[in-house]
Amino acid sequence: MKPLPELMSFLEGLPEPHILFDTQYRILGANAAYRRQFSPERGVVGRTCFEVSHRFNMPCDQSGESCPLIKARESGQRERVLHLHHTAKGEEYVNIELAPLLNADGEQAFFIEKMEPLKVAEGQSKGQGLIGRSNAFQQMLALVARVAPSMATVLLLGESGTGKELVARAVHEASPRAARALVPVDCSSLPENLFESELFGHERGAFTGANTARGGLVEAASGGTLFLDEVGDIPLTMQVKLLRLLETGTYRRVGSPEQRHADIRVVSATHRNLDDMVTQGRFREDLYYRLSTFPIHLPALRERRDDIALLTTALLQRVAGSRKLRLSDAALQLLNIQDYPGNVRELRNLLERSALLCDGDVLEASHVEQALRSGRRPISVTTGPSRVVPNNSAPAPVASPGALKSVERAVLQDMVKAHPGSRAELAIQLGISERSLYRKLKAIKPDSSL
C-alpha cells in the first residue's frame with residue numbers, strides 16, 4: 001500500500017526532520033529537513049528505519065532499544081522516546097515523536113516520525129556537554145528531554161560530582177527559554193543575612209551599606225531559568241520567602257513594599273536527602289513539594305561504569321591541554337575498577353594528577369597508580385578492605401580476583417619500565433619488601449633471572 005501523494009507533499013513541507021514508514025519499518029519518504037540533517041549523502045527510501053538510524057540488522061526492540069512503533073501499536077496513540085542515532089555529524093541523541101496513521105478500516109497503516117536532536121548531550125567524547133551511553137545515563141537524559149519543554153520545576157538529586165549544573169544547563173538549553181539567561185545561585189555559599197538581598201535585590205537605604213538600589217538574581221533570570229544549587233542549604237527563614245516566589249510568582253526587594261512579578265523557571269539541585277531533612281524539621285515540606293514537581297536522579301559514576309572510557313577520553317583532552325595524551329589499556333583497566341565517591345569530579349582530578357606525573361605521550365597504569373596513592377584516599381589495586389559505599393547508592397561491582405591480578409601485573413610491568421632506579425628503591429616506592437617485589441616479578445616472568 002502506497003501513501004497518498006498529498007501526504008508526501010505535506011511531509012516535504014514540514015520544517016522539522018520527518019520520515020514516513022510502513023508497518024514493516026520500511027522508509028517510504030523523508031522530507032528535505034531530514035535529508036539535510038541526518039542523511040546528506042546516502043538515500044534512505046526503501047531501507048528500514050532501524051538500519052538507517054542505528055545500523056541495526058533487526059528492529060530496535062530486538063536490539064536493546066525502546067521501539068516507538070511497538071509502543072504505538074500497543075497504545076494506539078502518539079509515542080515519544082529518546083534514541084542515540086547515527087547522523088552526518090556522528091552519534092547524537094535524538095528526540096523521537098512517532099504518530100500512527102490509520103487506514104479506512106481504522107488499522108495502523110503508516111507511521112510518521114519527527115526527529116529533533118538533543119544538542120546538550122553526546123554519545124561520544126567530542127564536546128563539553130553531557131557525555132554517556134550507559135542505560136542509567138540514557139534514562140536520566142530521557143527525563144531531561146521530557147521535562148525541558150515545560151515550565152515544571154525540576155529537582156536534581158545526586159551525589160557530589162555527578163554533574164548537576166550540567167544537567168540543569170541541559171534542561172535550560174532544551175527549553176523555550178534557551179535564548180535567555182541561566183542564572184545559578186550557590187545556596188551553600190550565601191550567608192543567611194545576605195541571602196534575601198542577593199536573591200530578591202534591595203532598595204537604597206534598606207540596610208547599612210545599601211547606597212544604591214540593586215536588582216537580585218531573580219531579576220537577572222527574568223525570561224530564563226533560575227538554578228538553585230544545593231537547595232538543601234537554604235536557611236529555614238528564607239525557605240518561606242522562596243515558597244512564596246514559587247507559589248505566587250511574586251517577590252519583594254528588601255526595603256520595598258512593592259510586589260514584583262518573576263518570569264522565571266526554577267531548577268534546583270541537592271546532594272542531601274530532603275526527605276530526611278523534612279522529617280527532622282530542617283526543610284519545609286510544602287517547599288519540598290513545590291521544588292520536586294519533576295525529580296530526576298543523577299546516577300553516580302559507579303552506576304554508569306560503561307561511560308568511564310568515554311568520560312576519560314573527553315576529560316583527558318581537557319586536562320592535558322595541548323598535549324596529545326592517550327591512555328594505555330592497563331591504565332583504563334585500573335580506572336574502571338575504582339568506586340569514585342567524588343564521581344566525575346574525582347575522575348577528572350585523578351586524570352589531571354596522572355597527566356602531571358606523565359612525561360611521555362602515553363598515560364600508563366603506573367601514573368594512575370601513583371596518582372591514586374597521592375590522593376585523599378590512597379587506593380590499592382591488590383588486597384585490602386573494600387571502601388565503603390554510601391547507603392543511598394548502588395554498591396560498586398566487585399572485580400574478580402583474576403581481574404585484579406591482571407591489573408596488578410600490568411601496573412607492575414609499567415612501573416618497572418618507568419622506574420630508573422634500583423629494585424630496592426622500587427620496593428620502597430610500592431610499600432613492599434624487596435623480597436615481595438622479587439616474588440611478584442618472578443610470577444610475571446618465571447624464567448627471568450631478575
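Everything below is about the structure printed above this text.
For the structure given in this document, a descriptive report is provided here.

Let us now look at the sheet that holds strand S14 (residues 265-270). Pairing between the strands of a sheet comes from backbone hydrogen bonds, and it takes one of two forms, parallel or antiparallel. Spatially, 5 strands are ordered S8-S11-S14-S7-S15 in an open sheet, and the strand pairing comes out parallel. The open sheet terminates on both sides in strands that have one partner only, identified here as strand S8 (182-186) and strand S15 (294-297). In this sheet, adjacent strand axes meet at a mean angle of 20° when their direction is disregarded. Relative to strand S11 (residues 225-229), S8 runs parallel, the two being bridged by 5 bridges. Its bridge partner lying in S11, Pro 184 is registered against Phe 227. Set on the sheet, helix H5 (residues 135-147) makes contact with strand S7 (154-157), S14 and S15; between it and S15 the angle comes to about 155°.

It is at 7 Å that the axes of helix H13 (residues 329-336) and helix H15 (residues 365-373) come closest, and there the two elements cross at 30°. For the pair H13 and H15, contact is made by Ala 330, Ala 331, Leu 334 and Leu 335 and by Ala 365, Val 368, Glu 369 and Leu 372, respectively. Grouping the constituent residues of the contact of H13 with H15 by class yields 7 nonpolar, no polar and 1 charged.

Unlike most non-glycine residues, Glu 230 shows phi in positive territory, near 55°. Checked against the element boundaries, Glu 230 lands in the loop between S11 and helix H9 (236-248). Although it is not a glycine, Asn 343 sits at a positive phi angle of roughly 60°. Mapping Asn 343 onto the fold places it in helix H14 (residues 343-356). Its relative accessible area of 0% is what places Asn 343 among the buried residues.

Once that is clear, we can look at the packing of aromatic side chains. To describe a pair of aromatic rings, one takes the distance between the centres and the angle between the planes. Throughout the structure, instances matching the rule amount to 5 aromatic pairs. Geometrically, the ring pair formed by Phe 200 and Tyr 251 is stacked, given 5.6 Å between the ring centres and 20° between the ring planes. Linking Phe 200 in helix H7 (residues 192-200) with Tyr 251 in strand S12 (residues 250-251), this pair joins segments that are 51 residues apart in sequence. This pair shows no difference in class: Phe 200 is buried, exactly as Tyr 251 is. Measuring from ring centre to ring centre gives 5.4 Å for Tyr 288 and Tyr 289, while their planes differ by 55°; the resulting arrangement is tilted. For Tyr 289, a relative accessible area of 51% corresponds to the exposed category.

Rules and cut-offs
- Residues numbered from 1 in each chain as written.
- Predicted model: local features only at pLDDT ≥ 70, side-chain atom pairs only at ≥ 80, totals over all residues.
- Heavy atoms only, no water.
- Pairing = 2+ DSSP bridges.
- Helix = DSSP H or I, 4+ residues; strand = E, 2+ residues; numbered from the N terminus.
- Axes fitted to C-alpha atoms, helices over the stretch in contact; angles between N-to-C directions.
- Contact = heavy atoms within 4.5 Å.
- Nonpolar A, V, L, I, M, F, W, Y, C, P; charged D, E, K, R; others polar.
- Buried < 20%, exposed > 50% of the residue type's maximum accessible area, 1.4 Å probe, protein only.
- Phe/Tyr/Trp six-rings, centres within 6.5 Å; stacked < 30°, edge-to-face > 60°.

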